[in-house]
Amino acid sequence: MSEMLLVLVETNDPGETRFWSLIFVLVGFVSLWSNLAQLFFFGLTGERLTNRLRTMTFKAIIRQDIGFFDMRENSVGILTTRLGAEAAKVKGATGERLGNFVMMGATMVSAIVIAFSACWALALVVLATVPFFAVGGMIQMKMMGGLSGELGKLFANANAIATNTVDSIQTVTSLGVGNKFLGEYDHELETPAQTGKRKALVTGSAFGFTQFCMFGIWGLSFWFGSLLISWNWCDVVGMLKALTALLFGAMTLGQVAALMPDAADAGYAATRVFRLIDKESPIDPFDESGEVMEKCGGEVELDDVVFRYPARPEMTVLKGFRVKAEKGKML
């Protein structure tokens, strides 16, 4: 771009102007097909990953024992949210997002190489400001990750109340307790609302800090570039090349900062999903190990059974229970 500006300002050669115009057309043509390929292949990868995660999550749910579903944190609403929404959120760190991160990384490396080859002093000074971006991004990721985890747990409780109420809507309506569950649902949404406000404040502050650093780099680049020209350390063309490359790099860092909230949500969602997938079941219906009986007589006997619900371990439901079911008879 700096070469093109120099041609437009210092020369009136139509051939040079036509050459740079064709260069821009070529760049646009390459960008068209490269962006199409990037969005298609990374999008396809993300969708396949989401489908596979949903399948693995559903398999992990149905292989759990009955006691697993008695726990409040494993209600129908929470599990369906994890199956639907959280599996899809993992795509925020993969698929198209991953393609954007790769493209931004390549852009940043190219910008640094061009800047150092054109005016190393300007590039060196401007690169000294990069840690400000890194610190801002790290703080944003850390705080967003914590807030996303807190929001996920709070909304899961509200979803559980809504799902259980709708599933039992006939009972709820017949008893006239709809207002009671509505009040509980509103109460569960109060805390997520406050947490959401804090999340919005953190996101806005971190993104604003990143934009401040980006525009600060612009001002620093113009000021220090003019000093280098006056000291004969760099010519105008070299300064413009380095400045243009660094500005594109700074814009890339700004785009990375805009993707930070999605990456934080994806990291929390992935942790929750894989924690469920990796959970071992004491009674796994998909486990084919163990002894396989060739013949079964049909007689069942239980002796001295003690049972407590996992959600209420302090209350004994069965104590010393005995029962015998003979072949061909009903209890």
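Computed from a predicted structure; not experimentally measured. (Residues numbered from 1 in each chain as written. Predicted model: local features only at pLDDT ≥ 70, side-chain atom pairs only at ≥ 80, totals over all residues. Heavy atoms only, no water.)

Student: I would appreciate a short explanation of the overall build of the protein in the present structure.
Tutor: Counting its regular elements, the protein contains 10 helices and 2 strands. For the protein, buried positions account for 30% of its 331 residues. Long-range pairs, those at least 24 residues apart, make up 78% of the contacts in the protein with a sequence separation of at least 6. Per element, the accessible surface of the protein, about 21,200 Å² overall, is 66% carbon and sulfur. (Helix = DSSP H or I, 4+ residues; strand = E, 2+ residues; numbered from the N terminus. Buried < 20%, exposed > 50% of the residue type's maximum accessible area, 1.4 Å probe, protein only. Contact = heavy atoms within 4.5 Å. Areas by Shrake-Rupley, 256 points an atom, 1.4 Å probe, with all protein chains shown as cover.)

Student: Please explain the pattern of salt bridges as it appears in this structure.
Tutor: Side-chain pairs of opposite charge can arise where the charged atoms are in close proximity. Here the structure, examined in full by the defined rule, presents 2 salt bridges. Here glutamate 184 ties to lysine 180 by a salt bridge, and the two come within 2.7 Å at their closest N and O atoms. Of this pair, glutamate 184 and lysine 180 both sit in helix H9 (residues 178-230), separated by 4 residues, roughly a single helical turn. Here lysine 180 falls in the partly exposed class, since its relative accessible area comes to 48%. (Salt bridge = Lys/Arg side-chain N within 4 Å of Asp/Glu carboxyl O.)

Student: Please clarify how the packing of helix H2 (residues 14-62) against helix H4 (residues 76-89) should be interpreted in this entry.
Tutor: Two elements in contact, H2 and H4, have axes separated by 9 Å at closest approach and are oriented at 160 degrees. Classed by the angle they form, the pair H2 and H4 counts as roughly antiparallel. Between H2 and H4 the crossing geometry is right-handed. Contact residues: H2 offers Thr50, Leu53, Arg54, Thr57, Phe58 and Ile61, while H4 offers Leu79, Leu83, Gly84, Ala87 and Ala88. Each residue belonging to the contact of H2 with H4 can be placed in one class, and the counts come to 7 nonpolar, 3 polar and 1 charged. (Axes fitted to C-alpha atoms, helices over the stretch in contact; angles between N-to-C directions. Parallel < 35°, antiparallel > 145°, perpendicular 65-115°, else oblique. Left-handed = near helix turned anticlockwise from the far one by under 90°. Nonpolar A, V, L, I, M, F, W, Y, C, P; charged D, E, K, R; others polar.)

Student: Please clarify how the nonpolar core should be interpreted in this entry.
Tutor: Grouped burial of nonpolar side chains is what soluble globular proteins tend to show. Counting 17 residues, the largest nonpolar core has Ala115, Cys119, Leu122 and Leu228 as the members making the most contacts within it. A per-element tally of this core places helix H10 (residues 236-277) first, with 6 residues. Each residue touching leucine 122, except ones within four places of it in the same chain, is listed here: Ser221, Phe224, Gly225, Leu228, Met239, Ala242, Leu243 and Leu246. Core analysis: the second largest hydrophobic core is formed by 7 residues, Leu53, Ala87, Val90 and Val273 among them. (Core = buried A, V, L, I, M, F, W, Y, C linked by side-chain atoms within 4.5 Å.)

Student: I'm lost on H2 in this one. Help?
Tutor: Compared with an ideal rise of 1.5 Å per residue, which puts 49 residues at 72 Å, H2 spans 72 Å between its outermost C-alpha atoms and is within 8% of the ideal. Among the residues making up H2, those that are buried are Gln38, Gly43, Gly46, Thr50, Leu53, Thr57, Ala60 and Ile61. (Expected span 1.5 Å × (residues − 1).)

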